[in-house]
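# Structural overview
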Amino acid sequence: MKIIDKILDRKVLCIANSLKEQGDIRFILGSNQIRYHVKTVDKNNPAASWRAQRAKDAFGAPRQDPSYQYVIYVRAKDYKRARKLIVGNKKTP
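Computed from a predicted model, the values in this text were never measured in an experiment.

### Things to note about the overall build of the protein
- Helices and strands together make up the secondary structure of the protein, namely four helices and three strands.
- Along the protein, helices (α) and strands (β) appear in the sequence α-β-α-β-α-β-α when read from the amino end.
- For the protein, buried positions account for 26% of its 93 residues.
- Nonlocal contacts in the protein, meaning residues at least 24 apart in sequence, comprise 79% of its contacts between residues at least 6 apart.
- Carbon and sulfur atoms make up 55% of the accessible area of the protein, which totals about 6,900 Å².

### A few points about the confidence of the model for the protein
- Put simply, the protein has an average pLDDT of 78, and 66% of its residues get 70 or more.
- Within the protein, helix α3 (residues 50-56) has the poorest average pLDDT of any element, 52, and helix α2 (residues 19-31) the best, 93.

### Focus on the nonpolar core
- Residues L13, C14, I25, I28, L29, I34, I72, V74, A82 and I86 constitute the largest nonpolar core, which totals ten residues.
- Taken together, the elements giving at least two residues each to this core come down to β1 (10-16), α2, β3 (68-75) and α4 (79-88).
- Top element by residues in this core is α2. It accounts for three residues.
- If near-sequence neighbours (up to four positions away) are discounted, I34 is found in contact with L29, V74, D78, R81, A82 and L85.

### Remarks on the pairing of β3
- Burial runs high along β3: six of the eight residues are buried.
- With six bridges connecting them, β1 and β3 associate as antiparallel partners. Residue R10 lies in a different strand from β3, and its bridge partner there is R75.
- In this sheet, β3 lies alongside strand β2 (residues 36-42) in antiparallel orientation, the contact comprising seven bridges. Across the sheet, residue V38 finds its bridge partner in β3, namely I72.

Reading the values: the criteria
- Residues numbered from 1 in each chain as written.
- Predicted model: local features only at pLDDT ≥ 70, side-chain atom pairs only at ≥ 80, totals over all residues.
- Heavy atoms only, no water.
- Helix = DSSP H or I, 4+ residues; strand = E, 2+ residues; numbered from the N terminus.
- Buried < 20%, exposed > 50% of the residue type's maximum accessible area, 1.4 Å probe, protein only.
- Contact = heavy atoms within 4.5 Å.
- Areas by Shrake-Rupley, 256 points an atom, 1.4 Å probe, with all protein chains shown as cover.
- pLDDT = per-residue confidence, 0-100.
- Core = buried A, V, L, I, M, F, W, Y, C linked by side-chain atoms within 4.5 Å.
- Pairing = 2+ DSSP bridges.

Below, the structure is given as structure tokens:
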């Protein structure tokens, strides 16, 4: 766990690899009044910050490129409940 995550009292819930997947997870969390934070990571350039990338986009629209990952954080006290909700809603192939 990174120091900033300890300071903000948050844990990584999951890493989504598609815009649809992260949207589904955000919907589930929001529907259950669980606060969350999403960090967008460019897998081709992990050093690029979100703000720098957003400045390149006309309206800051989410990227649908498969080279992006979405790291979803929740508060540490909500982690177990959020994990149950997310795992319970995963579709099995």
